[in-house]
Amino acid sequence: MQMGMIGLGRMGGNMVRRLLRDGHSCAVYDRDAANIQRLVDEGAQGASTLELLVQALAAPRAIWLMVPAGDPTESTVNALGALLSPGDTIIDGGNSNFKDDVRRAKALRARGIHYIDAGTSGGVWGLERGYCMMIGGDVDAVTRLEPIFRSLAPGRGTIGRTPGRGDNEGTAEEGFLHCGPNGAGHYVKMVHNGIEYGMMQAFAEGFELFKTANLPSLPEGERYDLPIGEIAELWRRGSVVSSWLLDLSAQALHADPALDAYSGFVQDSGEGRWTVQAAIDQAVSAEVITSALFTRFRSRQTHTFAEKVLSAMRQQFGGHVEPPKAG
């Protein structure tokens, strides 16, 4: 298929590479001309403006946005809405608020333009591992673009099948899923990121316990100078807490056992806040996710080893570089 991509940063550029590798053609645009040129050198068609990007695509067009949530996405969607034709599709693969998706889809539908929200997980590793995609939008628009989703998704790979699952039970095993109408994809991704906060916090607190297990205040004979990196590596092998987040923690701890390269300042990118707000709106108790979010707020005032573990995990899976502590 043919796809336009706007935003060629940590994820967008690699998504284009994955599509090119699978035989699709891509036209690309980014505010940074150097990012465009890199993809042109690898086989994409470059466009220096949104207008030229639209002109480079044959109808019905499909343009994927990988730009920051909020005003950058809003302004880009509005600009494309004025340039595209009935039957074209805009896919927002960023971390937009699902309520914005509902509003945008309604406005674009009046012009005959499809809107798909595609919550995308995979970070800087997605080129090789693939991207897990949680998709919301009209059935017809999502179905037409299924070859794109299949190319970006991880596929079944080596993960064992769920016992009893049949061969015709949908696309979830392939790593992408049409979750429902507009907003459903980003709603699922929002909760996914909220859960991610909680899982990361649990690992971080556990490693903090290991780090402080040799405090002089502890009784003699109950102090342990524990090999934290080796424990992380051990847990990867058959432990019930094995996970990709643990893999990334082990990698960071092996490279920098004291995590001296990390400040412990942990950002939040919005989805955790939205998950907590959804829990309030739906009267759902979400103590772990809420606590994990509040811990990130606190990390901007004090820095513990646990917060350095959180910072390390974010850098490992998403390429996020935490800013140094002010002052």
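Residues numbered from 1 in each chain as written. Predicted model: local features only at pLDDT ≥ 70, side-chain atom pairs only at ≥ 80, totals over all residues. Heavy atoms only, no water.

Trainee: I'm lost on the state of the cysteines in this one. Help?
Mentor: By definition, a disulfide links two cysteine residues through a covalent bond between their sulfur atoms. Overall, the coordinates contain 0 disulfides when judged by the stated rule. Cys-179 takes part in no disulfide bond, and the closest cysteine sulfur, belonging to Cys-132, lies 8.7 Å away. (Disulfide = S-S within 2.5 Å.)

Trainee: Would you mind showing me how to read helix H1 (residues 12-21) here?
Mentor: Residues separated by three or four positions in an α-helix point in the same direction, a consequence of the helix having 3.6 residues per turn. Counting buried positions over the 10 residues of H1 gives 8, a clear majority of the element. Residues of H1 that are buried include every one of Gly-12, Gly-13, Asn-14, Met-15, Val-16, Arg-18, Leu-19 and Leu-20, and no others. Downstream of H1 by a residue or two, Gly-23 has a phi angle that is positive, lying close to 95 degrees. (Buried < 20%, exposed > 50% of the residue type's maximum accessible area, 1.4 Å probe, protein only. Helix = DSSP H or I, 4+ residues; strand = E, 2+ residues; numbered from the N terminus.)

Trainee: Is there a simple way to think about the side chain of Asn-14 in this case?
Mentor: Note on placement: Asn-14 falls in helix H1. The residues contacting Asn-14, other than those within four sequence positions of it, are Val-124, Leu-127 and Tyr-131. (Contact = heavy atoms within 4.5 Å.)

Trainee: What exactly am I supposed to notice about unusual backbone geometry here?
Mentor: Among all residues save glycine, negative phi is the norm, and among peptide bonds the norm is trans. With an omega dihedral of -5 degrees, the bond running from Ala-59 to Pro-60 counts as a cis peptide bond. Structurally, the position occupied by Pro-60 is in the loop between helix H3 (50-56) and strand E4 (62-65). Within the chain, Leu-259 stands out as a residue other than glycine whose phi angle is a positive 55 degrees. Tracing the backbone shows Leu-259 in the loop between helix H11 (244-255) and helix H12 (271-281).

Trainee: Would you explain the packing of helix H10 (residues 228-235) against H11 in this entry?
Mentor: Working note: a packed helix pair is described by the angle between its axes plus the distance between those axes. Across the interface, H10 lies against H11 with an axial gap of 9 Å and an inter-helix angle of 150 degrees. Accordingly, the angle class assigned to the pair H10 and H11 is roughly antiparallel. Considering how the two elements wind past one another, H10 and H11 form a crossing that is left-handed. Judged by residue contacts, Ile-228, Gly-229, Ala-232, Glu-233 and Trp-235 of H10 engage Leu-246, Ala-250 and Leu-253 from H11. For the contact of H10 with H11, a count of residues per class yields 6 nonpolar, 1 polar and 1 charged. (Axes fitted to C-alpha atoms, helices over the stretch in contact; angles between N-to-C directions. Parallel < 35°, antiparallel > 145°, perpendicular 65-115°, else oblique. Left-handed = near helix turned anticlockwise from the far one by under 90°. Nonpolar A, V, L, I, M, F, W, Y, C, P; charged D, E, K, R; others polar.)

Trainee: Quick question: what am I supposed to make of the pattern of salt bridges here?
Mentor: Side chains bearing opposite charge may pair, as long as their charged atoms lie close to each other. Going through the model one piece at a time under the given rule, you end up with 21 salt bridges. Between Glu-74 and Arg-104 there is a salt bridge, and its shortest N-O distance comes to 2.9 Å. Here the residue Glu-74 occupies a position in helix H4 (residues 71-83), and Arg-104 occupies one in helix H5 (residues 98-109), the gap between them amounting to 30 residues. Given a relative accessible area of 19%, Glu-74 falls into the buried group. In the salt-bridge network here, residues are joined through shared partners; they are Arg-156, Arg-161, Arg-165, Asp-167, Glu-169, Glu-173 and Glu-174. (Salt bridge = Lys/Arg side-chain N within 4 Å of Asp/Glu carboxyl O.)

Trainee: Could you clarify how one ought to interpret the pairing of strand E1 (residues 2-6) in this entry?
Mentor: Regular strands place side chains that alternate from one sheet face to the opposite one. Of all 5 residues in E1, 4 are buried; the element is thus mostly enclosed. Where E1 lies against strand E2 (residues 25-29), 5 bridges are found, and the strand directions are parallel. Counterpart to Met-5 in the pairing with E2 is Val-28. Taken together, E1, H1 and E2 form a β-α-β motif whose crossover is right-handed. By the bridge criterion, 3 bridges tie E1 to E4 in an arrangement that is parallel. Residue pairing in the sheet places Gly-4 in a bridge with Ile-63 of E4. (Pairing = 2+ DSSP bridges. Right-handed = clockwise from strand over helix to strand, strands pointing away.)

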